[in-house]
Amino acid sequence: MAVPLFETENLEFSYNSRQSRPSLDNINIAIHKGVRAVVLGANGAGKSTLFYQLNGVLKPKKGVVKYNGKPIDYSQNSLYALRNEVCVAVQNPDEQIFSVTVEEDIAFGLFNTGVHREIIDKSIDDALFKVGMAGYRKKPVSQISKGQRKRVALAGAFAVNPKVLILDEPTAGLDPQTSCEVMEAIDQISITGTSVIISTHDVDLAYAWADEIYVLKNGKMIYSGEPGAFFSDKKSVISAELAIPHSFSVNSYICSMRGESETPYPRTDSQVICKILPSDAKVGKIRLIRTSKSVPDIGKIDERIGIYGFNTRRLFMDSGLPVDYNFNAVEHCIIEALNGNNVTLYCDECIADKIDSRIKSLSQFGKCPEVI
């Protein structure tokens, strides 16, 4: 079996001796490379404290934290090497942004990781584009909103291209549209090889996105594993001060009315629709077109068009080509096809196979659009 990316053994931590209980109490987890992991829990559950253990900012009072099978070495040189690979973006951007301008702040992080000067400019532009802040490079940090500063902090994390990206409440304080954009950027980064771990209060986000969830309550790990099994235990959900995800509830109600099994548990709207669609329903096709460096030719396409991927988005934006689905396009295109319409989805070459597999995985729920 593969060595876990992160593993903790009987991890315990307290900030001081006056605490009535430890901030982390006997935590044993194993998070593997490439697994999209979400840490859930109410305020004060220990999520941020756990994250600071994973990059060595905090040292356990008891127990061990391992990275790639080896206990973390807390010497200065070893911690520097660890943080070049493991980047943590905190919940409050004002705890992370120290420079006067947006570009200076992102450049500071790049210099700290030893990136060559000649590629810093491009890295800054690319990172700001990913979080929808391309026009803010020269802006003073003091003149942008807290939500924009949040995106700048995320851009700084994206820019250093870490092997592991740990994000503490990445959508907190963002409006719904911006949250969607940020999560799409996180999703694309995870598809292309970066291991991503996030914490969130948004159970709908966690349920739809995570491969595995880790639930903390009062510093104790009360659940780790596949999301569906946890949310099917309502007592545990209530005890953890969390809510049942919307798609889980809808599936539960529909299956109860039909007298059907709730499993497999659908996590997205498209999966719910797929599960309840009549067997004789007409389903459209998804034309999946891989983009490279050239502007796509859409002259003969009279279907709705979606785009997915940083390169594809830039090509469409620079050329002014019309788009029906700019964000969350994979989900929108699937739903369009399940509604009986053909649709075209343009995506980056490097993630096309993953998108193809994601669409075809709908077959476990019922009717599945054909990818052509």
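That block above? That's the structure.
Rules used in this analysis
Residues numbered from 1 in each chain as written. Predicted model: local features only at pLDDT ≥ 70, side-chain atom pairs only at ≥ 80, totals over all residues. Heavy atoms only, no water. Pairing = 2+ DSSP bridges. Helix = DSSP H or I, 4+ residues; strand = E, 2+ residues; numbered from the N terminus. Axes fitted to C-alpha atoms, helices over the stretch in contact; angles between N-to-C directions. Salt bridge = Lys/Arg side-chain N within 4 Å of Asp/Glu carboxyl O. Buried < 20%, exposed > 50% of the residue type's maximum accessible area, 1.4 Å probe, protein only. Parallel < 35°, antiparallel > 145°, perpendicular 65-115°, else oblique. Contact = heavy atoms within 4.5 Å. Nonpolar A, V, L, I, M, F, W, Y, C, P; charged D, E, K, R; others polar.

Caption draft 1: Structural view of the pairing of strand β11 (residues 285-291). Pairing between β11 and strand β14 (residues 370-371): two bridges, direction parallel. Looking at β14, one finds that I286 is bridged to V371. Two strands pair when backbone bridges link them, and β11 and strand β13 (residues 343-348) are joined in this way by six bridges, in the parallel orientation. Bridging across to β13, I289 finds its partner in Y346.

Caption draft 2: Representation of the sheet that holds strand β7 (residues 164-168) in the model. In spatial order, the strands read β6-β7-β8-β3-β9-β10; together these six strands make up an open sheet with mixed pairing. Across the chains shown, the open sheet's two edge strands, defined by having one partner strand only, are β6 (86-89) and β10 (220-225). Adjacent strand axes in the sheet meet at a mean angle of 15° when their direction is disregarded. Two strands pair when backbone bridges link them, and strand β9 (residues 212-217) and β10 are joined in this way by five bridges, in the antiparallel orientation. When the sheet's bridge partners are listed, Y214 is paired in β10 with S224.

Caption draft 3: Geometry of the pattern of salt bridges. Inspection of the entire model under this criterion finds 22 salt bridges. The partner of R137 in a salt bridge is D121, with the nearest N and O atoms 2.7 Å apart. Of this pair, R137 sits in the loop between α4 (117-130) and α5 (146-159) while D121 is found in helix α4, placing the two residues 16 residues apart along the sequence. Relative accessible area serves as the criterion here: at 15%, R137 is assigned to the buried category. Measuring nitrogen to oxygen at the nearest pair gives 3.1 Å for the salt bridge that ties D356 to K360. With D356 and K360 both in helix α14 (residues 352-360) and four residues apart, the pair spans about one turn of that helix.

Caption draft 4: Examining the packing of helix α10 (residues 246-258) against helix α11 (residues 269-276) more closely. In contact at an axis separation of 10 Å, α10 and α11 are set at 10° when each is read in the N-to-C sense. With respect to α11, the axis of α10 lies roughly parallel. On α11, the residues that touch S247, V250, N251, I254, C255 and R258 of α10 are V272, K275 and I276. Considered class by class, the residues forming the contact of α10 with α11 number five nonpolar, two polar and two charged.

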